[in-house]
Protein chains: 2
Amino acid sequence: MMRAIDTQAFLKDLHDLRAIGRFRTGVHRPTYSAQDMESRRWLMRRLEECGLDPTIDGVGTVLGRHRGDGPHLLVGSHIESQNEAGWLDGALGVVAGLALARAGLPVDVCAFADEEGHFDVGFLGSRSAIGEVTEAEIDGSHNRTDGTPLRAALASAGLAGLPRMQLEAGRYRGFLEMHIEQGTQLESTGLRLGIVTGIVAIWQWRIVIEGAQDHAGGTTMAERRDAGLTAVRLLSAIDQAFPQVCGERSTWTTGRITLDPGAPSIIPGRAEILFQIRDVAVPVLERMEATLRALIRESNRRERCTATLEEISRNTPALCDPGLMGALSEAAEALCPGGWQTMPSGAGHDAQNVAKVMPAAMLFVPSIGGISHHWAEDTKEEDLALGVRVLAAAAERVLAAR
Amino acid sequence: MMRAIDTQAFLKDLHDLRAIGRFRTGVHRPTYSAQDMESRRWLMRRLEECGLDPTIDGVGTVLGRHRGDGPHLLVGSHIESQNEAGWLDGALGVVAGLALARAGLPVDVCAFADEEGHFDVGFLGSRSAIGEVTEAEIDGSHNRTDGTPLRAALASAGLAGLPRMQLEAGRYRGFLEMHIEQGTQLESTGLRLGIVTGIVAIWQWRIVIEGAQDHAGGTTMAERRDAGLTAVRLLSAIDQAFPQVCGERSTWTTGRITLDPGAPSIIPGRAEILFQIRDVAVPVLERMEATLRALIRESNRRERCTATLEEISRNTPALCDPGLMGALSEAAEALCPGGWQTMPSGAGHDAQNVAKVMPAAMLFVPSIGGISHHWAEDTKEEDLALGVRVLAAAAERVLAAR
């Protein structure tokens, strides 16, 4: 006896939220921007309408508490976006929570702040909610784009002084996060649902290369200490070595290369590379890190510039809960027979933090063309609707269990 | 019977000019900044004191005209600096001209505007003075750093509407530009003077690589169209291929690599590379360009991202005048026997433009450690003093010839 999910109301909520901070067909809602705060207030009104008690905490995480007795589930994701990015990333999981609440399921709905990492603390909302973020960490954090201190941003957003929400131990049977796939695994196999087995860990470094800044005309090739050239050679060596040590689904990414001073006629005296690796298996990550360190040692032996590795962040992979995965799989098979698969998540999600304090699982729906972190990101409405119905059916199974 | 050069006054002028826009031990005088305009006014006062008629023209070029009869020589360089750069680059050649004028030699002294290319027109002052810059080119030009239109910068500097100076055909026996070497060729061989044989041509391109922006976690390595990775592979191929086709003194430089959007967790959808080559020989430049184009064709055949080559600028090498070179060589041998050599200039200079309308030559003094385009740039005072005495002695020889 399944609860009826009002998929029309669910899609209307998604489109209403899309209008806040609209950018082309996507949205621009960086954390604590006016648009982001407007979206949080919009969410609190919707939570109230659905009969939940909404609060916003000291880092901007919004929680809508179910007023009745348990057992409860926690359902949600995040609501801010990357810059000029897609309308569904994060928003989908929050609005799906709303849909379950509207259907009368005993769920709390959450929108964790800054999953997208506009501030360098990383997963601020979900890490704060499990007690992992200290006040000192907040004091020392800044916006990655413009350097604004996190404290100043919180004050501007009207959040300074509010208490930080802690997830209530024992209240929940688990956490469910619905999300777009952000890849083409589902689309390319013609499947409509992904039951996530685990969330990769992300290990990030800054590779800093020190050379000598010189005039590009007066300095012969033999005399140069070109930090940019050393960077290119090191990245080329990584490109050649990593396929031999990586796992089947490992990824490694150079997101930024900065040559200093960056002028056409000046030999770069310094280069900075943002580099990250991802995998679900720690031994694979360790093998990749060892290879990276060996390549840097080798570079320092051969090159005239010195490369050093500065760790930015390192987390642990999160495995999804088998019970919740089972409920999602049964619901998927019931509503879309043969149309789903299990798969790892290559992207980080709040679920990886929540999984430290309660069972957690994730449901993926396809991303058209795999486009993500870009305003053109999209998912077919029929896949969105199927996803929320599967999420609700899985929640019912979990809540009904004895 | 050589004119006495007052090297103390010459060094004092250099140090006075160094105080305008001082940055650490160097200077920060970007073209048309308050500091740059102050230095131009300072120069006009010094020219007047030395008995010349000073004018400033519609692009900021300062010319001090000798009031007496010819034959005349033109002596000078530029007075603005790169950002946070050295005190001698440009300034030395202008102040050397002042020293010759103070000694009573019949010279005009010039400071050509924006040799450093803060505006994208390139060599604005010297190209304007030989009639190569159209009004339309000025209309379309912008500051490379902050995008300010050149017209707006000229208006702010009080130069709008002033006529643009044209070098007077037939007035000069030639142009002499004294400059720091900006390399270590002199220092490493223990020599104190370089007689420049020619100025390299600089050919510059923007290499644009188009891929697909995607989430760094959700997109497998096999699915990616990573513009940054294609850039690294192309630059690595250039690094390997160019030594086989270049000339003995060719240089090639990647000054900037921009990955778009440049965030740690986003696969770059676009990459831009600023790339330039330099040589005195056109056939060598053509061979390097052909290799670059072949490597880009090969990249486009193999990679999932498309690279295109956009030409930014291309000039011709300038050969120095044998007569002027002979006068400089004789003066150098007389004042510093065995302490000089002939050498090409790897850097571009205003002399390459002036050489199109009159005989031109350049004299180099050593750069300590070869440091250039950096505030730490420096030259020993005894080398500065020797240089200006050689320049004056060479000027006397040229002016005395019948």
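Only a predicted model underlies this, so the values are computations on that prediction, with no experimental measurement involved.

Student: Help me out: how do you make sense of the sheet that holds strand β14 (residues 306-314) of chain A in this one?
Tutor: Within a sheet, each strand pairs with its neighbour through backbone hydrogen bonds, oriented either parallel or antiparallel. Residues and elements named next belong to chain A. The four strands lie next to each other as β11-β13-β9-β14, forming an open sheet whose pairing is antiparallel. Of all the strands in the sheet, just β11 (251-260) and β14 have a single pairing partner and so form its edges. For this sheet the average axis-to-axis angle between neighbouring strands, irrespective of direction, equals 20°.

Student: Can you help me understand the domain arrangement of chain A in this one?
Tutor: A common way to express how large an interface is: the accessible area buried when the components associate. All names here are of chain A. One can read the domain layout of chain A as domain 1 (7-200 + 317-400) and domain 2 (201-314). On a C-alpha basis, the centres of domain 1 and domain 2 stand 34 Å from each other. Contacts between the two partners involve nine residues from domain 1 and, on the opposite side, seven residues from domain 2. Summed over both sides, the interface between domain 1 and domain 2 buries roughly 770 Å², with carbon and sulfur atoms accounting for 62% of that surface. Together, Val200, Pro317 and Pro344 form the three largest contributors to the area buried by domain 1 at its contact with domain 2, with a combined 59%. Across the domain 1-domain 2 interface, the total number found is zero salt bridges.

Student: What is the right way to look at the nonpolar core in this model?
Tutor: Looking at soluble globular proteins, one finds that nonpolar side chains tend to be buried together. All names here are of chain B. By size, the foremost hydrophobic cluster in this structure holds 82 residues, and its most contacted members are Phe10 and Leu100. Of the residues forming this core, the biggest block, 11 residues, is contributed by helix α12 (residues 381-400). Excluding residues within four positions of it along the chain, Phe10 makes contact with Leu92, Val95, Ala96, Ala99, Arg102, Leu384, Ala385 and Val388.

Student: It is not clear to me how unusual backbone geometry should be interpreted in this structure. Could you clarify?
Tutor: Across the chain, the bulk of peptide bonds are trans and the bulk of non-glycine residues have phi less than zero. Residue Pro71(A) is reached from Gly70(A) by a cis peptide bond, and omega for that bond is 0°. Residue position: Pro71(A) is located in the loop between β4 (62-65) and β5 (72-78). Across the junction of Asp260(B) and Pro261(B), the peptide omega takes the value 10°, indicating a cis bond. Of note, Pro261(B) is situated in the loop between β11 (251-260) and β12 (266-267). Despite not being glycine, Phe123(A) shows a phi value in the positive range, around 45°. Mapped onto the fold, Phe123(A) is located in the loop between β6 (107-112) and α4 (124-129). Backbone geometry at Arg24(B) places phi at a positive 50°, although glycine is not the residue there. Looking at the element boundaries, Arg24(B) is found in the loop between β1 (22-23) and β2 (26-27).

Student: How should the relation of the copies chain A and chain B be read in this particular structure?
Tutor: Here two copies of a chain appear, and what relates them is a rotation about an axis with a shift along it. Of the two same-sequence chains, chain A is brought onto chain B (RMSD 0.1 Å, axial shift 0.1 Å) by a rotation of 180°. On this basis, the relationship between the two copies can be described by a two-fold rotation axis. Looking at the rotation axis and the C-alpha trace of chain A, the residue lying nearest is Val232(A), at 2.8 Å. Here 100% of the interface residues in chain A have copies in chain B that are interface residues too; the copies meet face to matching face.

Student: Help me out: how do you make sense of the interface of chain A and chain B in this one?
Tutor: Taken residue by residue, the interface counts 51 residues in chain A and 51 residues in chain B. For the salt bridge of Asp239(B) with Arg233(A), the shortest nitrogen-to-oxygen distance reads 2.7 Å. For the interface between chain A and chain B, the tally reads 25 residue pairs in polar contact (both at pLDDT 80 or more). Elements with a minimum of two residues in the side of chain A that touches chain B: β10 (214-215), α8 (227-241), β11, β12 (266-267) and β13 (270-279) of chain A. Ranked by residue count, the leading element in the side of chain A that touches chain B is β11(A), at eight residues. Its residues assigned to classes, the side of chain A that touches chain B shows 16 nonpolar, 26 polar and nine charged.

Student: Just checking my understanding: could you explain the sheet that holds strand β13 (residues 270-279) of chain B for this structure?
Tutor: Residues and elements named next belong to chain B. Strand order in the open sheet made by the four strands is β11-β13-β9-β14, with antiparallel pairing throughout. Edge positions in the sheet fall to β11 and β14 (306-314), since each has one partner strand and no second. Going across the sheet, the axis of each strand differs from the next one's by a mean of 20°, ignoring polarity. As defined by bridge partners, β11 adjoins β13 across nine bridges and the pair is classed as antiparallel.

Student: Can you walk me through the UniProt feature "binding site: Zn(2+) 2" (unreviewed entry) in chain A in this structure?
Tutor: All names here are of chain A. UniProt feature "binding site: Zn(2+) 2" (unreviewed entry): in the numbering of this structure it lies at Asp89, Glu116 and His373. What stands out for the annotated residues spanning 285 residues is how close their C-alpha atoms remain, the widest pair being 9.8 Å apart. Positionally, Asp89 belongs in the loop between β5 and α3 (91-102). If near-sequence neighbours (up to four positions away) are discounted, Asp89 is found in contact with His78, Glu80, Glu116, His179, Ile180, Gln182, Ser372, His373 and Glu377. Within the local environment of Asp89, its side chain forms a polar contact with the side chain of His373, the two groups lying 3.4 Å apart. Relative to the elements of secondary structure, Glu116 occurs in the loop between β6 and α4. Owing to a relative accessible area of 12%, Glu116 belongs among the buried residues under this scheme. In this structure, Glu116 is in contact with His78, Glu80, Ser81, Gln82, Asp89 and His373, ignoring residues within four places of it in sequence.

Student: Before we go on, may I ask you to explain the pairing of strand β7 (residues 172-180) of chain A in this structure?
Tutor: Within a regular strand, side chains alternate between the sheet's two faces. Residue and element names in this part refer to chain A. Where burial is concerned, most of β7 is hidden: eight out of the nine residues are buried. For β5 and β7, the ladder comprises three bridges, and the chain directions are parallel. Paired with Leu74 across the two strands is Phe175, which belongs to β7.

Student: What is the right way to read the packing of aromatic side chains from this model?
Tutor: Applying the stated criterion across every chain, the model contains eight aromatic pairs over all chains. For the ring pair Tyr32(B) and Phe119(B), a centre distance of 5.5 Å and an interplane angle of 50° mean the geometry is tilted. A residue pair is termed long-range when its members are at least 10 positions apart, and Tyr32(B) in the loop between β2 and α2 (34-49) and Phe119(B) in the loop between β6 (107-112) and α4 (124-129) qualify at 87 residues. For Phe119(B), a relative accessible area of 1% puts it in the buried group. Judged by centre distance (6.1 Å) and plane angle (70°), the rings of Phe112(B) and Phe175(B) are edge-to-face. Taken together, the residues Phe112(B) in strand β6 and Phe175(B) in strand β7 (residues 172-180) connect sequence positions 63 residues apart. Of the two residues examined, Phe112(B) and Phe175(B), each falls in the buried class. Through successive ring pairs, a cluster of aromatic residues spans Phe242(A), Trp252(A) and Phe275(A). The lysine or arginine in question, Arg18(B), covers the ring of Trp87(B), its NZ or CZ lying 3.8 Å from the ring centre.

Rules of the game
- Starting afresh in each chain, residues are numbered from 1 along the sequence in its written order.
- Chains and ligands are labelled by the order in which they are written, letters from A for the one and numbers from 1 for the other.
- Thresholds applied to this predicted model are a pLDDT of at least 70 for local features of residues and 80 or more for the giving and counting of side-chain atom pairs; totals over whole chains, interfaces and linings are not thresholded and use all residues.
- In computing side-chain properties, one takes all heavy atoms of the structure into account and sets aside hydrogens as well as water.
- Any two strands are treated as partners once DSSP identifies two or more bridges connecting them.
- Helix numbers and strand numbers start at the N terminus; a helix is a DSSP run of H or I with at least 4 residues, a strand a run of E with at least 2.
- Think of each axis as a best-fit line through the C-alpha atoms, taken over the contacting stretch in the case of a helix, with angles from 0 to 180 degrees between the N-to-C directions.
- Domain extents, as shown, originate in an automatic or database domain assignment.
- By definition in these notes, contact holds between two residues if any of their heavy atoms fall within 4.5 Å.
- Defined in terms of a 1.4 Å probe, buried area is the accessible area two parts forfeit on being brought together, summed over both.
- Counted as salt bridges are all cases of a side-chain nitrogen of Lys or Arg within 4 Å of a carboxyl oxygen of Asp or Glu.
- Here, nonpolar core means buried Ala, Val, Leu, Ile, Met, Phe, Trp, Tyr and Cys residues that are tied together by side-chain atoms lying within 4.5 Å of each other.
- Burial classification: accessible surface area is computed with a 1.4 Å probe over protein chains only, and a residue below 20% of its type maximum counts as buried, one above 50% as exposed, and the rest as partly exposed.
- All copies are superposed by least squares; the fitting set is the C-alpha atoms of residues with a pLDDT of at least 70 in both.
- Polar contact is the term for a pair of N or O atoms within 3.5 Å; when the atoms are in protein, one must be able to donate a hydrogen and the other to accept it, and sequence-neighboring residues count only if both atoms are side-chain atoms.
- Each residue gets one label: Ala, Val, Leu, Ile, Met, Phe, Trp, Tyr, Cys and Pro are nonpolar, Asp, Glu, Lys and Arg are charged, and the others, such as Gly, are polar.
- UniProt positions are given in the numbering used here, feature names are shortened, and annotations may be inferred rather than shown by experiment.
- Classification of ring pairs rests on two measures: the distance between centres of Phe, Tyr or Trp rings, Trp counted by its six-membered ring, which must be within 6.5 Å, and the angle between planes, read as stacked under 30 degrees, edge-to-face over 60 and tilted in between.
- Charge-over-ring placement is defined geometrically: NZ (Lys) or CZ (Arg) within 6 Å of the ring centre, and within 35 degrees of the ring normal.

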